[in-house]
Each structure stands twice: as structure tokens, then as C-alpha cells.
Amino acid sequence: MSLAQFVKNQGGFVNVNIGYKRGETVLAWAMISPWVAGFLLLTAFPMIASLALSFYKWNIISAPVYVGLANYHKLFFTDPLPMHSLKITVIFSLASIPLNIVFGLVIAMLLNTNIRGLAVFRTIYYLPAILSGVAVAILWQWIFSSDFGLLNTALRVFGIEGPAWLGSKIWVLPAFVIMRLWSVGGGMIIYLAGLQAIPTDLYEAAEIDGANWYQRIFRITLPMLSPTIFFQLITGVIFTMQIFTETFIMTNGGPANASLFYLLYLYRQAFQNFKMGYASALAWVFFIAILLLTLILFATAKFWVYYEGESEGDD
Amino acid sequence: MSSKGVGLSARQIISKLFVYLILALGSIVVLLPLQWMISTSLKPLSHVFRFPPEFWPQKIVWENYPNALTQLPFDLYFFNTMFIVILCLLGELIVSSLVAYAFSRLRWRGRNALFIVVLATMMLPRQVTLIPEFIVFRHLGMIDTFWPLILPSWFGNPFYIFLLRQYFLTHSRELDQAAVIDGCSRFGVFWRITLPMSKPVLGAVAIFSFQFHWNDFFRPLIFLLDQDKYTLALGLRFFQGTYGTEWNSLMAVSLVVMLPLIIVFFFAQKHFIQGVVFTGYK
């Protein structure tokens, strides 16, 4: 599936070949002019500039020195940390994104069973999703405390002696995955809306045909919801790969670089060591990595994302 | 066979109870971290490090809050944060809705192609452009000012443009045309018809924007240096660096920093939920 098709499926890809009016065109360009300016100044130019900068060595004070591909050579071959941090960032994302989708879907399906108190449950599950940033990171740092933290205290109730979480090379990534699961309500609310939009006659027809709950979920619910899940997957990759604040506050990349997520490493190179050229190369490699992951997902979409008939919203 | 009759079968009742049980257990798990936060924030420090830990504070120390909050110039950081958040929010609302209107209600050549560019920038990790952006703001002498945090919001946010456009598309075109025939200008249609009809989605954008800039840590960390210009997020980070193990104080301050968001959430929950639905549905 191409991006254009994706947009088309989002609705409202109008056929505007007929009846342009000069006045409308002028007004339209006037209205989008701030965005055009922003795109040129804050996106297009900086992207080209950072690509150019990635071939230089520059400490921001003295003049930049052209070094060819040296930054990329270092990034891939001599400095072990960029690939290490990319690897743990991908591993973290591969664990965190599917788990958030599955939990979000299950909760949404449970809420979508005509239960009483839907609004109360929905509020409770959604609340953590609005909280993020430093305060949440500090809270979870305390929750993961090995002796006095909430998690290990709760585990002790079941007779389990929990690990040191943030102090353990093995458990630090699972800790971040658990923390991100707390905000599963963000996806849940979207799936719930998607579920409520599935026409009930589909289920009625399935029931007449004798479909069991398993068939109803895998033949109706999930296919009908697949565009929503796909959208969540794409935005999830972009959002999750950019994890920064939590690791900066809770572990500062430790122990032994086990939670040195990519952006933390990039931040250190750019804004603590002022290696602007090297950091630009890091940024571009990160961009390509995310782009590749996204493109792979788009390529798989035709096997599992189901779009119903024609797009809606054309005017 | 499930029946559509009046009563529920025993199996249906059991499965319903099972659903409630799971949802209730899940709710407890979700709320527990917040309970833990409140409970810790009210304990004396000696009780924080008691083993086994107390779920409910056995001795309540309300003074933790005033004590902790006076360690920071909290009012200054609150003011700085509000200043940035409100200016960002206004910029994002005004500019994004203008852009979204052009992408949904006006007909012009190149509209679809440019909209793909908007979507592509939505998917672009901001860190790719961050270093040159930093250099540009440095050349403009804007490091350690609020400008780098506020200005980008006044160029429109692709995510909100997308959201508003989707909503504007649902309005009927006939209404616009009728107004134009009655002598209303195109801009007048936007101002007097489209915007008033779009209050729910504008509310959602406002809330998202508030939430994002309130929680934002990365950009203030990079662009602000002077402690007097800190936002709450930076102040909290500084506090953590100084009082690293005083968990009762840390929880108290963190909770206070979260509180405005929680309050906004409870009052504007409907908008929150509606907004999320607009973004993620299909």
C-alpha cells in the first residue's frame, strides 16, 4: 500500500479537477502559507542541513571540517554504541507496541459487552494515558525500587522476590515495557470507538450462520478493526522509538548502557559533547531506520488490513 | 445457542460476571500506582524506607507538600510553563485550523499532493531536524529564551491539521455554498460557519496541545539554560537531582505537577475522548 492510497483510505481525497476558482486558489495559498513557511524553515531546510552536516566534524564553536563519510564509518564500525542503542530501541519497541495493542484490544472488547459503568471504567483506564513526562518517570522509578517499591511489594504478596528492575541489565527493558503498558488506555479508547462503529447486523448475520465467538472475533471484529490497528501500529512505531524522557530521568542509560535508547545517545553526542556532525549522522540513520520499519509495515498491510468498499467523505 | 429472550442463561450471567471481575482487577492495577504516589507523598521519610512498605501511610504528614513546594520557585515555573503552553496552544489552534480549512473546504490545484507532504511530516521524527533547528535558533540569539519553544507552534502542527481536516470534511458543502450565494466571503464562511460548527474538535486540539506542551521535556531541556526560565518539567528534574532519595517530597511535587492535567481531564473528558476518536478511527 502506498502513502497516497493510505491517505485515500483516510477519506476525503477529492477529485478537484473541475471548477477551480482563482479566488479560492489564492485564499487557499494564503491560508496554508504559515505551514508552507514552517515546512521550508523547520523541516525541509533543517533536513538538508543535517544531511550536509553529517559529512562534517563540528563542535559548534570552531569552523566545521569536511570529513567525508568518517562519521558514518564511525557510527557503523568503530563506535559500538549507536548500533547497540538502535538494537535495544528496536527490541523495546517490538515488545512494547504489540503488547500495548493486544492489551488495548482486549480491554476495549471487554468494555464493549453492554456492561454497566462503562464510563467509569473508561475513565479509569484512560487516565494514565494523559500523564507522561518527568513526573510519571519519577513515579515509576519509585515503583521499580527493589526493596521499597510498589511492584516488588506486590510481588511479595504472591511470594515472588522481584528483581532490581532498573538496576538490572536484564530487567531494565522489561521495566520500561511494563511502564508503557500503564498508558494502554490511549489505544483502548480508539479501539472502543472502532468497535462501536461496527454495524451490529454483521454479528446478527454471523449468529444466524452459527458462528461462534472465536469466529466472530477473527472473521468480523479484527478485520473491521484492522485499519484502526494499522494506524496505531504506524504511529506506535514512530512514538515508541523516540523514547527519551523516561530513560533520561530513571536510568540515564544504565546499568552498563542496557537502557541507552537511541535518542539518549544522540542527545549526549549533540548537546553534551557538541559533536554536531556526528549527531547529525546519528539522526539521519535513525530517520532511515524508522522509515524502513514504517515501509515494511506498509508493505505487509495488503495481507491483513481490510478496507471496506470505497472511501467515505468525498465531496 | 444464545437466546434473545427476556432472561439471561446461566452461562451468560457467569461470563458477564467474569468480564466485570477482569475489568475491576484491571482498574485496581491501573489505579495502584497513583494510590502509591499519594500514599508515599504523605509519609514521613523514616516510614518511606520501612520494610515491608506500608500501603497506607500510618502517620500522615501534610507538611510534606508545603515543604517540598517551597524548595522550588514553584510559582515561577508554573507561570513559565503556563505562558509557553498557552501561546503554543493559541498558535496551534489558529494556524492549524486555517491550514486545515484550505485542505478540506477549498478547491485548488496541488491540494492532494501537498496534503501528502503534511502527512509525511507528521511521521517524521522531530529529532532529525533538531540539530539544524538548534543552530538556527542559536544564530538568531534565541537560545535560553521561550522563542524556540513557542515559534514552531505558529507554523501549524501536521497532526492537528490532519485532525481538523478530517472533521471539516464531514460538513456539508451546500451550507458553504448557500452562505457564499448570500454574499459571505470564503474567509467569512471559515470564521462564521466552519469554526463554530467545529467546537468539539477544536476543544480536542486545545486539550492535546495543552497536554503535550505541559508534559514536554525534551525541547525545554535543549533550549533553556537559566534556572529562572525553567518549566515545571525541568524544575522537577532539577529537584530530583537534588533530593534524589526523598521519595515523599518527590512524590508530592510530581503529583502537584500532574494535578492540572488531571483536573483538565476530569472536566473535559468528553473532549479528550472525542478527540482521540477522531485521530485514531480509520
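All values reported here derive from a predicted model rather than from experimental measurement.

Cut-offs applied
Residues numbered from 1 in each chain as written. Chains lettered and ligands numbered in written order. Predicted model: local features only at pLDDT ≥ 70, side-chain atom pairs only at ≥ 80, totals over all residues. Helix = DSSP H or I, 4+ residues; strand = E, 2+ residues; numbered from the N terminus. Rg over C-alpha atoms; globule rule 2.2 N^0.38 Å. Buried ≥ 20, exposed ≤ 12 C-beta atoms within 10 Å, placed from the backbone. Contact = placed C-beta atoms within 7 Å. Nonpolar A, V, L, I, M, F, W, Y, C, P; charged D, E, K, R; others polar. Core = buried A, V, L, I, M, F, W, Y, C linked by C-beta atoms within 7 Å. Domains from an automatic or database assignment. Axes fitted to C-alpha atoms, helices over the stretch in contact; angles between N-to-C directions. Parallel < 35°, antiparallel > 145°, perpendicular 65-115°, else oblique. Left-handed = near helix turned anticlockwise from the far one by under 90°. pLDDT = per-residue confidence, 0-100. Expected span 1.5 Å × (residues − 1).

**Topic: the overall build of chain B**
Scanning chain B from terminus to terminus reveals 15 helices and 0 strands. For a compact globule of 282 residues, the expected C-alpha radius of gyration is about 19 Å, and chain B comes in at 25 Å, more than 25% above that figure. Seen along its three principal axes, the alpha-carbon backbone of chain B occupies a region of about 75 × 75 × 35 Å. Looking at chain B residue by residue over its 282 residues, the buried ones come to 43%.

**Description of the interface of chain B and chain A**
Residue-level contacts link 81 residues of chain B with 83 residues of chain A. For the side of chain B that touches chain A, the element with the highest residue contribution is helix H1 (residues 10-41) of chain B, accounting for 13 residues. Here the side of chain B that touches chain A is built from residues that sort into 56 nonpolar, 17 polar and 8 charged.

**Comments concerning the nonpolar core**
Of all hydrophobic cores here, the largest spans 146 residues; its most connected members are Leu-266 of chain A together with Val-99 of chain B. Top contributing element to this core by residue count: helix H4 (residues 74-104) of chain B, with 13 residues. Domain assignment of the residues forming this core places at least three in each of domain 1 (10-64) and domain 2 (66-280) of chain B. When neighbours within four sequence positions are excluded, Val-99 of chain B is seen to be in contact with Met-31, Ile-32, Pro-34 and Trp-35 of chain A together with Gly-156 and Ile-161 of chain B.

**Some words on the domain arrangement of chain B**
Residue and element names in this part refer to chain B. Here chain B is partitioned into domain 1 (10-64) and domain 2 (66-280). For domain 1 and domain 2, the distance between their C-alpha centroids amounts to 33 Å. At the level of secondary structure, the elements contributing two or more residues to the side of domain 1 that touches domain 2 comprise H1 and helix H2 (45-48). The element that contributes the greatest number of residues to the side of domain 1 that touches domain 2 is H1, accounting for 4 residues. Broken down by class, the residue content of the side of domain 1 that touches domain 2 amounts to 4 nonpolar, 3 polar and 2 charged.

**Considerations on the environment of Phe-134 of chain B**
Among the secondary structure elements, Phe-134 of chain B is positioned in helix H6 (residues 127-139). It is 7.7 Å that separates the C-alpha atoms of Phe-134 of chain B and Phe-223 of chain B, two residues lying 89 residues apart in sequence.

**Observations concerning the packing of helix H13 (residues 262-272) of chain A against helix H14 (residues 276-304) of chain A**
All names here are of chain A. Put simply, H13 and H14 touch, their axes get as near as 8 Å, and they point 160° apart. On the basis of the axis angle, H13 is roughly antiparallel to H14. Our pair here, H13 against H14, has a crossing hand that is left-handed. In this structure, H13 uses Tyr-262, Leu-266, Gln-269 and Ala-270 to contact H14, whose residues at the interface are Met-276, Tyr-278, Ala-279, Leu-282, Ala-283 and Phe-286. Residue composition of the contact of H13 with H14, grouped by class: 9 nonpolar, 1 polar and no charged.

**Observations regarding unusual backbone geometry**
All names here are of chain A. With an omega dihedral of -10°, the bond running from Gly-254 to Pro-255 counts as a cis peptide bond. In this structure, Asn-114 is a non-glycine residue whose phi angle is positive, near 55°. The class for Asn-114 is exposed, based on 8 C-beta atoms found within 10 Å. The phi dihedral of Trp-165 falls on the positive side, at around 45°, and the residue is not glycine. Note that Trp-165 resides in the loop between helix H7 (150-157) and helix H8 (172-181).

**Some words on the confidence of the model for chain B**
Residues and elements named next belong to chain B. Averaged over all residues, the pLDDT of chain B is 87; the fraction at 70 or higher stands at 96%. Mean pLDDT values for the elements of chain B range from 71 in helix H15 (residues 269-280) up to 96 in helix H7 (residues 147-150). Confidence drops under a pLDDT of 50 for residues 1-5, and excluding neighbours within four residues, the segment shows 2 contacts in the predicted structure. Overall fold confidence (pTM) sits at 0.89, and the ipTM for the predicted complex is 0.89.

**Description of H1 of chain B**
The end-to-end C-alpha distance of H1 of chain B, which contains 32 residues, comes to 46 Å, matching closely the 46 Å that a straight helix rising 1.5 Å per residue would cover. Among all positions in H1 of chain B, only Leu-23, Val-30, Pro-33, Trp-36, Met-37, Ser-39, Thr-40 and Ser-41 of chain B are buried.

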